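Examination of the molecular architecture
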Amino acid sequence: MNRRSFVKNAGFGFGALPLLKKDWLTQFMQDNPYKMKMLRNDVGIFTEKGGTIAYYLSKKNIAVVDAEFPEQSKHLIDALQKDPGKPFEILINTHHHGDHTSGNISFKGIVDHVAAHYNSMLNQQRVAKEQNKENEQLYPNITYGDTWEYKKMKEPIHTYYFGPAHTNGDSIIFFPHANIAHVGDLVFNRRWAFIDRTAGASVKNWILVLEKIQQQFDNDTLFVFGHAFDPEKVTGNKADVKAMQDYLTNLLAFVNSQIKAGKTRDEIMKATSIPGVTEWQGDGIDRGLQAAYDEAVQDVI
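Residues numbered from 1 in each chain as written. Predicted model: local features only at pLDDT ≥ 70, side-chain atom pairs only at ≥ 80, totals over all residues. Heavy atoms only, no water.

1. Structural notes on the overall build of the chain
Convention followed: Strands here are runs of E lasting at least two residues and helices are runs of H or I lasting at least four, both read from the DSSP assignment and numbered beginning at the N terminus. For the exposure calls, accessible area comes from a 1.4 Å probe over protein chains only, and a residue counts as buried if that area is under 20% of its type's maximum, exposed if over 50%, partly exposed in between. Residue contacts are counted whenever heavy atoms from the two residues lie within 4.5 Å of one another. Computed with a 1.4 Å probe, the accessible areas rest on the Shrake-Rupley method; for each residue, only the protein chains presented here act as cover.
The helix and strand tally for the chain stands at nine helices and 15 strands. Relative to its full complement of 301 residues, the chain shows a buried share of 54%. Residue pairs in contact within the chain that sit at least 24 positions apart in sequence constitute 63% of those at least 6 positions apart. A total accessible area of about 13,700 Å² is found for the chain, and carbon and sulfur atoms account for 49% of it.

See the structure below:
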C-alpha cells in the first residue's frame, strides 16, 4: 500500500487533539506502517500485530492497555513519547496471552505501574516458565480481583472481571469519561475465537460474561476488541458484543447436539460451519469446536 492510500485508509480521527498533537501524529502516520486512531476524550487505539492496544493521553501522562509484541510496543512508545516526552503512568493487561503481554518488556524502566487481574499474572508467569522466557517478561506489580479503580489520572480507569471466559483472567478496562471499554479477547469480532482451556477458559461462562458486559455498559459505550476479521472493525458497539455471545451460544448448542446424536470427536471436528453462525470467518473454526467438545465432555464426567 502506498503512503497516500495508507493515510486515506487509516481512518485517523483527531477529535479534540490540540494542533500540536495533530501535527506530530499526522507526520508519524505518514512515515510508519501501522495505525493509530483517536476515538474519544483523548483515548485512542494502536494496531499493528497482535491484540489491539488502547491508550489514554492526559496533559501530564499516558496510560496504555495491552502491549502486543516487543517490536510493536516500541513503535507505540516512540510515537507517544513524541508528545512531547510524557511519562507512562500505567500499563494494564486485559489477559496474559503473548500477543497482549510480550510487549510489556519494552515498558521496563519507563512505566510506573503494570496491572492485571490476579489470574492473568499467574498465567503469564506459568507460561513464561514453561517456555523458558521468564527473562523476557515484565510482570504486573499491581493485581486486582473482580473490580478495581485507578484514580491517579484525570480520566479514572475502572476494571471489571466477570469470571472465566477466553481465559480465567480476562478483565474489561473502562474509561468512564470517554465511555470506552477495552474488552480484550472477550470479543473476536466476526473472527473464529481462540478458547484457551489450558488457562481456565469456559465457553459456557463466556456466554454469561458477555451478557454481563451488555448489562454493565450503556448503548453509547464504544467497545475496543482484541481482534476482528476485518482489521478496521476492532471497535464496535453493544450489538457486536451480542453477536459474539450468539456465536458462542450456537457453537455450544451445536457441539452438544452432535454429542447427543452419538457423533465422535473426529466427526464433530470435520464441521465447516455452525448452524446459526453466518458472519464469522477466517481460519480456526476447529479451535472453538475442540474447546466446546472438551468442555461438554468434562461436564458429563
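2. Looking at the sheet that holds strand β9 (residues 157–160)
To keep it simple, the criterion reads: For two strands to be treated as a pair, DSSP must find no fewer than two bridges joining them.
Taken in spatial order, the six strands make up an open sheet running β8-β9-β10-β11-β13-β15, and their pairing is mixed. The open sheet terminates on both sides in strands that have one partner only, identified here as β8 (147–150) and β15 (235–236). Sheet topology note: the strand β11 (residues 180–182)/strand β13 (residues 222–224) ladder contains three bridges and is parallel. When the bridges of β13 are listed, H182 appears paired with V224.

3. Description of the layout of surface pockets
The probe, sized like a water molecule, is rolled over the atoms to show the empty space still left. Using the following cut-off: Residues are called lining when one of their atoms sits within 4 Å of a cavity or pocket point, these points coming from a 1 Å grid over the protein atoms alone, where a cavity is a set in which a 1.4 Å probe fits but cannot get out and a pocket is an open set with protein on both sides within 12 Å along at least five of seven lines. Grid points are joined across faces, edges and corners, and a volume is the space filled by probe spheres set on the points. Polarity classes work like this: nonpolar for Ala, Val, Leu, Ile, Met, Phe, Trp, Tyr, Cys and Pro, charged for Asp, Glu, Lys and Arg, and polar for all others, with Gly in that last group.
Here the largest pocket defines a volume of roughly 390 Å³. As for the largest pocket, its lining consists of 20 residues, and the residues nearest its centre are T47, E48, P231, E232 and V234. Among the elements of the structure, β1 (35–40), β2 (43–47) and β14 (227–228) are those that each provide at least two residues to the lining of the largest pocket. A class-by-class count of the residues in the lining of the largest pocket yields seven nonpolar, six polar and seven charged.

4. Topic: the packing of aromatic side chains
For the record, the criterion: We call Phe, Tyr and Trp rings a pair once their centres come within 6.5 Å, taking the six-membered ring for Trp, and we label the pair stacked below 30 degrees between planes, edge-to-face above 60, and tilted otherwise.
Scanning the entire structure with this criterion turns up 11 aromatic pairs. A centroid spacing of 6.3 Å and a plane angle of 40° characterise the contact between Y56 and F175, whose relative ring orientation is tilted. Of this pair, Y56 sits in strand β3 (residues 53–57) while F175 sits in strand β10 (residues 172–175), placing them 119 residues apart in sequence. Assessed through its relative accessible area of 3%, Y56 is described here as buried. For F175, a relative accessible area of 0% corresponds to the buried category. Between Y247 and W280, the aromatic rings sit 5.1 Å apart at their centres with planes inclined by 25°, giving stacked as the arrangement.

5. So, the sheet that holds β3
Sheets are built from strands that pair by backbone hydrogen bonding, the pairs being arranged parallel or antiparallel. Let me state the cut-off plainly: For every element, the axis is a line fit to its C-alpha atoms; helices are fit only across the contacting stretch, and the angle between N-to-C directions ranges from 0 to 180 degrees.
With mixed pairing, the seven strands of this open sheet are ordered in space as β1-β2-β3-β4-β5-β6-β7. The open sheet has two edge strands with one neighbour each: β1 and β7 (142–144). Averaged over all pairs of adjacent strands, the angle between strand axes in this sheet comes to 20°, irrespective of strand direction. Two strands pair when backbone bridges link them, and strand β4 (residues 62–65) and strand β5 (residues 88–92) are joined in this way by four bridges, in the parallel orientation.

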